[in-house]
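Summary of structural features
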Amino acid sequence: MFIDKYQGKPKILFIGLAESSHTVSWIDLLNNEGFNARLFAVPTGGLPPSKWKVPVYLPLQQPVPGLDKAVRQTLYSNHIEFVKNRARFEPILWIWNICRKVLNFGGMKFGFPRLVPVQESVLQDLAEHWLVDIIHEWKPDIIHTLGVDHNQGGLFFLNTVKQKRITKNWIWIAHLRGGSDLTLNRHDPKKLSSIREVLESCDQIISDNIINIKYVVQMGIPQTKFADITPVPGTGGVNIDELSKRWKDLPSKRERIILWPKVYDCEWALALPVFEALQICWEQIQPCEVYMLTMTTPGTRDWYNAMPEHIRAHCHVYGRLPRDKVFSILLQARVLLSPSLVDGIPNVLYEAMASGTFPIVSPLETIMSIMEEEENVLFARNLYPEEIANALVRAMNDDNLVDSTAKNNLEKVYRLADRKVIKQIVSSYYKKICGKIP
């Protein structure tokens, strides 16, 4: 069993992706603030950092070697007999589904249902039961769900509340994730219905940008439901003093490094137009080195391999890197290259501003609400290689632009994302909420 560090003090149960750096960074805001914080990981997620000392419930059906039992509990260890008993039925389910296919052969539909194997059907149900047990036993004052999109905290908790009986003696805070929760999902009627239900059912909403407020109001949910700390960076801000003190030079005096931190393809960003842009402007931005991070999708690697050898000779390709390593590159870089299709306020944008690195980002509504072109950034749409190429040429050759912007951005990031300030704001916010619980 977990032991609370602050006996008798407020308890906050977070629900979300355990492997997310956003999750870890936000919860770490509460260090030494007198709160007892725990995380319930959603079943579809991964493992938290091994050295992270926040207690985490992991809904895993298999044992995980090396877990610190003082701060990690697994579904396997808590429901081992139940899991074993349910697993005995797997051969029966397999035989049933084979017979069902035979009986339904030739288009004849006898209405025999497909029975889902235990590993597909039981994990969600087991996780929900375990979450209910934890809530009843630990009695958190606040339940803070991280993300609303599928496979994240909001929808998982909503389903648990709907399927299981939970006495309501806590405040539910729903934390929207940047642009990914609403920008596209609000156009899908089925997803929109689920998201609206989460936002209607929760007590308060937090977002990192003001555009989400507009989207939520358009769903018919009153703006007053947003917490008064909105907008607030999704990670809880940046340690600006620490980064700014590590500056060696203004961007014009640094190595000619371009940092491209998200080199992958998904519905939120595409890499191919950026590869094309680099080829268009390569001769105009020489000399330079390009650091490409998080190249995790196979197709992306294929397109990278198709680039000319004389360009690849100056590229440094990595998968996921520890944050310290990313910061060490960022502090040496002249330019941050981070075009995207969907985003809130990217944390890497704030980190670049604190590091004196010049940002190239996309003119998304969320970003344009707080950033000015040439004063803070250059804009380039993700699907337009010529725009990205033009921005790179300007940023790599205009010393006055990158130096003046570095000074502007340091002042601005202190106003928007100073982690020391946000820590106190968030701590006061939680204390105020706990004071309202009957």
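This report concerns the structure included in the present document. (Residues numbered from 1 in each chain as written. Predicted model: local features only at pLDDT ≥ 70, side-chain atom pairs only at ≥ 80, totals over all residues. Heavy atoms only, no water.)

Before going further, it helps to examine the overall build of the chain. When you go through the chain residue by residue, the secondary structure sums to 18 helices and 13 strands. If you take every contact in the chain between residues at least 6 apart in sequence, the share linking residues at least 24 apart comes to 70%. Working note: accessible area of the chain is about 20600 Å², and carbon and sulfur atoms make up 54% of it. (Helix = DSSP H or I, 4+ residues; strand = E, 2+ residues; numbered from the N terminus. Contact = heavy atoms within 4.5 Å. Areas by Shrake-Rupley, 256 points an atom, 1.4 Å probe, with all protein chains shown as cover.)

With that settled, the discussion passes to the pairing of strand 2 (residues 36–41). Summarising burial for strand 2: 6 of the 6 residues are buried, a large majority. Burial of the side chains of strand 2 extends over both faces: Asn-36, Arg-38 and Phe-40 are buried on one face and Ala-37, Leu-39 and Ala-41 on the other. Pairing between strand 1 (residues 11–16) and strand 2: 6 bridges, direction parallel. Pairing of Gly-16 across the sheet is with Ala-41, part of strand 2. Viewed along the sheet, the connection from strand 1 through helix 1 (residues 21–27) into strand 2 turns out right-handed. Here 2 bridges tie strand 2 to strand 3 (residues 56–58), and the two strands are oriented parallel to one another. Among the inter-strand pairings, Phe-40 is bridged to a residue of strand 3, identified as Tyr-57. (Buried < 20%, exposed > 50% of the residue type's maximum accessible area, 1.4 Å probe, protein only. Pairing = 2+ DSSP bridges. Right-handed = clockwise from strand over helix to strand, strands pointing away.)

Applying the stated criterion across every chain yields a total of 13 aromatic pairs. When the ring of Phe-14 is compared with that of Tyr-430, the centres are 6.4 Å apart and the planes differ by 85°; the resulting orientation is edge-to-face. Here Phe-14 is found in strand 1, whereas its partner Tyr-430 is found in helix 18 (residues 419–434), with 416 residues between them in sequence. Under the relative-accessibility criterion, Phe-14 is labelled buried at 0%. By relative accessible area, which is 0% here, Tyr-430 ends up buried. Clustering of aromatic rings is evident, with ring pairs tying together Phe-2, Phe-40, Tyr-57, Trp-130 and Phe-156. A cation over an aromatic ring shows up here: Arg-254 above the ring of Trp-247, its NZ or CZ 5.7 Å from the ring centre. (Phe/Tyr/Trp six-rings, centres within 6.5 Å; stacked < 30°, edge-to-face > 60°. Lys NZ or Arg CZ within 6 Å of the ring centre and 35° of its normal.)

Okay, the sheet that holds strand 2 next. With parallel pairing, the 7 strands of this open sheet are ordered in space as 4-3-2-1-5-6-7. Lying at the two open borders of the sheet, with one neighbouring strand each, are strand 4 (72–74) and strand 7 (204–206). On average, adjacent strands in this sheet sit at an angle of 20° to one another, irrespective of strand direction. Packed on one face of the sheet, helix 6 (residues 153–163) meets strand 1, strand 2, strand 5 (142–146) and strand 6 (171–175) and runs near 130° to strand 5. (Axes fitted to C-alpha atoms, helices over the stretch in contact; angles between N-to-C directions.)

All right, on to the sheet that holds strand 12 (residues 358–361) then. Here we have 6 strands laid out as an open sheet, ordered 10-9-8-11-12-13, and parallel in their pairing. In this open sheet, the two strands that pair with only one neighbour each are strand 10 (315–317) and strand 13 (378–379). Two elements, strand 9 (residues 289–292) and strand 10, share 3 bridges in a ladder whose sense is parallel. Its bridge partner being in strand 10, Met-292 is matched across the sheet by Val-317. Each of strand 8 (257–260), strand 11 (335–338), strand 12 and strand 13 touches helix 16 (residues 385–397); the most contacted strand, strand 11, lies at about 170° to it.

Here we take up the environment of Ala-406. Locating Ala-406 in the fold gives a position in helix 17 (residues 399–417). A sequence separation of 154 residues divides Ala-406 from Ser-252, and the C-alpha atoms of the two residues are 10.0 Å apart. Setting aside chain neighbours within four positions, we find Ala-406 in contact with Trp-247, Leu-250, Pro-251 and Gly-356.

A word on the packing of helix 14 (residues 347–355) against helix 17. Two packed helices can be described by the angle between their axes and the distance between those axes. Between helix 14 and helix 17, the shortest axis-to-axis distance is 8 Å and the interhelical angle comes to 135°. By the angle between their axes, helix 14 is oblique relative to helix 17. Where helix 14 crosses over helix 17, the two elements pack in a sense that is left-handed. Facing Tyr-350, Met-353 and Ala-354 of helix 14, the residues of helix 17 in contact are Asn-409, Leu-410, Lys-412, Val-413, Leu-416 and Ala-417. Split into classes, the residues belonging to the contact of helix 14 with helix 17 amount to 7 nonpolar, 1 polar and 1 charged. (Parallel < 35°, antiparallel > 145°, perpendicular 65-115°, else oblique. Left-handed = near helix turned anticlockwise from the far one by under 90°. Nonpolar A, V, L, I, M, F, W, Y, C, P; charged D, E, K, R; others polar.)

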